[in-house]
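Analysis of the macromolecular model
Chain by chain, the residues run as shown.
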Amino acid sequence: MSSSFLTIDSICKRYGLLRALEAVSLDVTQGEFLTLLGPSGSGKSTLLAILAGFAEPDQGIVRLNGRDITRLAPEARRFGVVPQGYGLFPHLTVYENIAFPLRVRRSRSASINGRVRQVMELLQIGSVKSRLPRELSGGQQQRVALARALSFEPDLLLLDEPMSALDALLRRDLQAELVRLHRQVGTTFVYVTHDQQEALALSDRIVVLNHGRIEQIGTPRSIYAQPATRFVANFLGKNNLLQATAAIGPLGRLHFHWNGHRIAAGVTAPFEGPCSLTIRPEAIVLTKVGHSSQGTKDRILGTVVNHTFHGASADVIVAVGHESLTVTLTAAASPPVPGDEVWLAFDAERLWCLPEADTISPAASATSPELAA
Amino acid sequence: MILPSAIALGREFAGARFQIAPVRGLSVQDGLVIGSVLVLIACYLLPLGAVVALSFLVPVPGIGNYWSIFQNATVHAVVGKTLWISSLTVGLTLLLGYITAYALVQAGPVARKLMLAGVLLPLWISVLVRNYAWIALLSPGGIVNSILIRWGWLDQPVSLVRNSFGVVLGMVHYMLPYAILPIYAQMARIDSTLPHLARSLGASPRQAFIRVFLPLSRPGLAAAAFLTSIMSLGFYLTPAMLGGGKTVMVAEFISIQVTETLRWDIATTLSTLLLLVTGALVWRFSHLLELATAKPKT
Ligand SMILES: Nc1ncnc2c1ncn2[C@@H]1O[C@H](COP(=O)(O)OP(=O)(O)O)[C@@H](O)[C@H]1O
Ligand SMILES: [Mg+2]
């Protein structure tokens, strides 16, 4: 594993006054599944187009194995692309779509046939090889697009929201399939999505983009547990962001003051003062008042105002003073109902805080992996 | 073939505007439809029927006219010339039309509007005016010749009109919009990311064009070829004016038989044959014009 497989160095791209990408820098490791995650319009497709060679950045360099490829023609890159909407050639059959990259490279016809069969088998689409793209279901189209992009054994596979056109059930199947495929072919995947669930489920690493800037790079677990910015804290999964003050006690232990309560933290913060305290809804323990409760020390009294059932879990909104918290319960025999008084206890290991100014230095978030708990 | 669709079209048109309840069995819609059908019969079907009938009746009843047409050397020459000029015209029109349509889809929105206006504007100018303009430009004493002579590129004026060159030029000019528009309509339907994508899969710009863009634009090309072929077979004014009597095509030849040599037998027989050929082409290929219902892109 070489750490300098694909290097993206301070890429900027503007469309008129709009800054689609601002100083984006990123290293892609050979063989990894890297996801570009961000809301619509955050610049994901633009970055992908620059990697594919469809667009040139205004500034910055893209390097492959140390070689500058920023202005290299797409056909000279050997990158497979699965674009948004799949981009299958409507006038060619499934077989011919998959054979396209091999034909334009003038491979021998025997080797074309063998290779096309191989990828069709890999993606289980042999039975539709004579159909035209419009005669395929969405899931089949996606497989054909994947097969076509993989048929010439690219150095890198770029995928732009390949699941967005599929229904939820199919999406889950294809996610598992994509992970299998990645493991099987060993190609580096750069995958674009706006779906945080998908990013968490698929990726080795996630790059969170917002307004053309990188908000955070990290493993799904570290980004989930230690968001670098308030945007990331809110964008990945549900979260409670509380206006609190960090303080270091006499024994060097960190605690927070929030809403008149003192909350002990299991973490060491790099600063004192006002901050955004984050606590995941599933990291709060809720007990009804009157029941014997554990963790009596730092518990907080609240009132249930709402309860939403999701099947495997339920979300409870609890008012504490003038603020409210979301608590996720996985299994509750007798769930609390609105009006109930409840005790809340925070899992100290899973508290996280962001400085008020929302400019935590990258070093601070990168040098605390022990907090992943 | 024409009548039922005309009635249907009339219904649709009338139905869109007049939602009036039927009065004594006949609605306003029906009246409009019947009226337009009568106009069609009076203006097109009756005269055409008369031409067809005459071809079998004068000078003597029978199919003798057809027999002698097939043996007539002058007719052979005129038909040969017509086919040659038409193919040349269609070929050139498609080539120029394809290039212009390609420029149109590549252009930015403002440039595209200006270019489209440039394509459509000549349709508003009478073909007569355009032909005189070509004559003024290209005749031996015309503007082009005098400029070429002044710049020393020519010693003697060359004939640019009153020959096949002038005819082809005038016809290509006339038919270009009819080629550009269907080709452009088809090109605009092509997913513009596909050529890029083809390149990321390893195709050179040339391969991307030949293997992806060209086949996807083919329905537009076919529609344009059909339209221009039909039109060029029956071209009358432009060959008559720019051909100067030396390049005589079928339509002009027929007109000469009617107005000068008074050979109604040849005129009606040739007209009937031309009608048959054009009708057969329309019958066989009119589906090419149904761009609106062409395969949706996937
Ligand atoms: N060709 C273009 N011309 C002008 N603006 C563009 C173009 N492509 C993208 N943009 C703009 O750049 C921003 C980023 O777009 P994009 O990369 O497609 O976002 P994403 O894929 O994350 O939804 C958007 O605001 C979009 O409107
Ligand atoms: Mg996008």
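Residues numbered from 1 in each chain as written. Chains lettered and ligands numbered in written order. Predicted model: local features only at pLDDT ≥ 70, side-chain atom pairs only at ≥ 80, totals over all residues. Heavy atoms only, no water.

Moving on, we get to the overall build of chain A. When helices and strands are counted, chain A shows nine helices and 20 strands. A principal-axis box enclosing the C-alpha atoms of chain A has dimensions of 75 × 45 × 40 Å. Expressed as a percentage of its 373 residues, the buried residues of chain A come to 50%. Of the contacts made within chain A by residues no fewer than 6 positions apart, 66% connect residues no fewer than 24 positions apart. Positive and negative side-chain charges in chain A, numbering 36 and 34 respectively, have mean positions lying 7 Å apart. (Helix = DSSP H or I, 4+ residues; strand = E, 2+ residues; numbered from the N terminus. Buried < 20%, exposed > 50% of the residue type's maximum accessible area, 1.4 Å probe, protein only. Contact = heavy atoms within 4.5 Å. Lys, Arg positive; Asp, Glu negative; His and termini not counted. Charge placed at Lys NZ, Arg CZ, Asp CG, Glu CD.)

Let us look at unusual backbone geometry. For the peptide bond that leads from Val58(B) to Pro59(B), omega is -15°, which places it in the cis range. With respect to the helices and strands, Pro59(B) occurs in the loop between α2 (28-57) and α3 (64-71). With a phi close to 55°, Gln124(A) is a non-glycine residue in the positive phi region. By the element assignment, Gln124(A) lies in the loop between α3 (109-122) and α4 (138-150). You can call Gln124(A) exposed: its relative accessible area is 54%. Positive phi is not limited to glycine here, since Leu262(B) has a value of about 55°. On the secondary structure map, Leu262(B) appears in the loop between α12 (250-259) and α13 (264-285).

The next thing to look at is the sheet that holds strand β14 (residues 273-279) of chain A. Residues and elements named next belong to chain A. Strand order in the open sheet formed by five strands is β13-β12-β11-β14-β20, with antiparallel pairing between adjacent strands. The open sheet has two edge strands with one neighbour each: β13 (261-264) and β20 (351-355). Direction aside, the axes of adjacent strands within the sheet are offset by 40° on average. Looking at chain direction, β14 and β20 are connected through five bridges and run antiparallel. Residue pairing in the sheet places Leu-277 in a bridge with Cys-353 of β20. (Pairing = 2+ DSSP bridges. Axes fitted to C-alpha atoms, helices over the stretch in contact; angles between N-to-C directions.)

With 18 residues of chain B at the contact, the number on the chain A side is 24 residues. Taken together, both faces of the contact between chain B and chain A bury some 2000 Å²; the carbon and sulfur share is 66%. Viewed at the interface, chain A and chain B are joined by one salt bridge. Across the pair Glu75(A) and Arg199(B) runs a salt bridge, and its minimum N-O distance is 2.8 Å. Our count for the contact surface shared by chain B and chain A stands at four residue pairs in polar contact (both at pLDDT 80 or more). Of all the secondary-structure elements, those providing two or more residues to the side of chain B that touches chain A are α9 (193-200) and α10 (205-233) of chain B. For the side of chain B that touches chain A, the class distribution of residues is nine nonpolar, six polar and three charged. (Buried area = accessible area lost by both parts, 1.4 Å probe. Salt bridge = Lys/Arg side-chain N within 4 Å of Asp/Glu carboxyl O. Polar contact = N/O pair within 3.5 Å; in protein donor to acceptor, adjacent residues only side chain to side chain. Nonpolar A, V, L, I, M, F, W, Y, C, P; charged D, E, K, R; others polar.)

Another aspect to go through is the sheet that holds strand β9 (residues 205-210) of chain A. Residue and element names in this part refer to chain A. Reading across from one edge, β6-β7-β8-β3-β9-β10 is the order of the six strands in this open sheet, with mixed pairing throughout. Looking along the sheet, the strands with just one partner apiece sit at the ends: β6 (79-82) and β10 (213-218). In this sheet, adjacent strand axes meet at a mean angle of 15° when their direction is disregarded. Of the strands in this sheet, β3 (33-37), β6, β7 (156-160), β8 (188-193) and β9 touch helix α1 (residues 44-52), which is tilted by about 150° from β7. With respect to the sheet, helix α5 (residues 168-185) is in contact with β3 and β8, its orientation differing from that of β8 by roughly 155°.

Moving on: the site of ligand 1. Residues and elements named next belong to chain A. Around ligand 1, the structure places Tyr-15, Leu-18, Ala-20, Pro-39, Ser-40, Gly-41, Ser-42, Gly-43, Lys-44, Ser-45 and Thr-46. Residue Gly-41 places a main-chain N or O atom 2.6 Å away from an oxygen atom belonging to ligand 1. Within the contact set of ligand 1, an oxygen atom lies 2.7 Å away from a side-chain nitrogen or oxygen of Ser-45. Out of a free accessible area of 550 Å², ligand 1 has 58% covered by protein chains. When residues of the shell around ligand 1 are traced back to their parent elements, those giving at least two are β2 (18-28) and α1. (Near = heavy atom within 4 Å. Areas by Shrake-Rupley, 256 points an atom, 1.4 Å probe, with all protein chains shown as cover.)

Turning next to the UniProt feature "domain: ABC transmembrane type-1" (unreviewed entry) in chain B. Mapped onto this structure's residue numbering, the UniProt feature "domain: ABC transmembrane type-1" (unreviewed entry) falls at residues 79-285 of chain B. Measuring from the first to the last C-alpha atom of residues 79-285 of chain B gives 22 Å, for a span that is 78% helix and 0% strand. (UniProt positions renumbered as here; feature names shortened; annotations may be inferred.)

Attention shifts here to the side chain of Ser276(A). Residues and elements named next belong to chain A. Position of Ser-276 among the secondary structure elements: in strand β14. In terms of polar contacts, Ser-276 uses its side chain to reach the side chain of Arg-230, at 2.3 Å. In this view, Ser-276 contacts Arg-230, Leu-241, Leu-242, Gln-243, Trp-352, Cys-353, Leu-354 and Glu-356; residues no more than four positions away in its chain are not counted.

A full pass over the atoms with the stated rule returns 16 salt bridges over all chains. Here the residues in one salt-bridge network are Arg14(A), Arg19(A), Glu22(A) and Arg213(A), joined through shared partners.

This next bit is on the UniProt feature "transmembrane region" (unreviewed entry) in chain B. All names here are of chain B. Here the UniProt feature "transmembrane region" (unreviewed entry) sits at residues 83-105, 133-153, 165-185, 221-242 and 262-283. Helix makes up 67% of residues 133-153 and strand 0%, whereas the separation of the span's terminal C-alpha atoms amounts to 23 Å. Within the segment residues 221-242, helix and strand shares are 86% and 0% respectively, and the terminal C-alpha atoms sit 27 Å apart.

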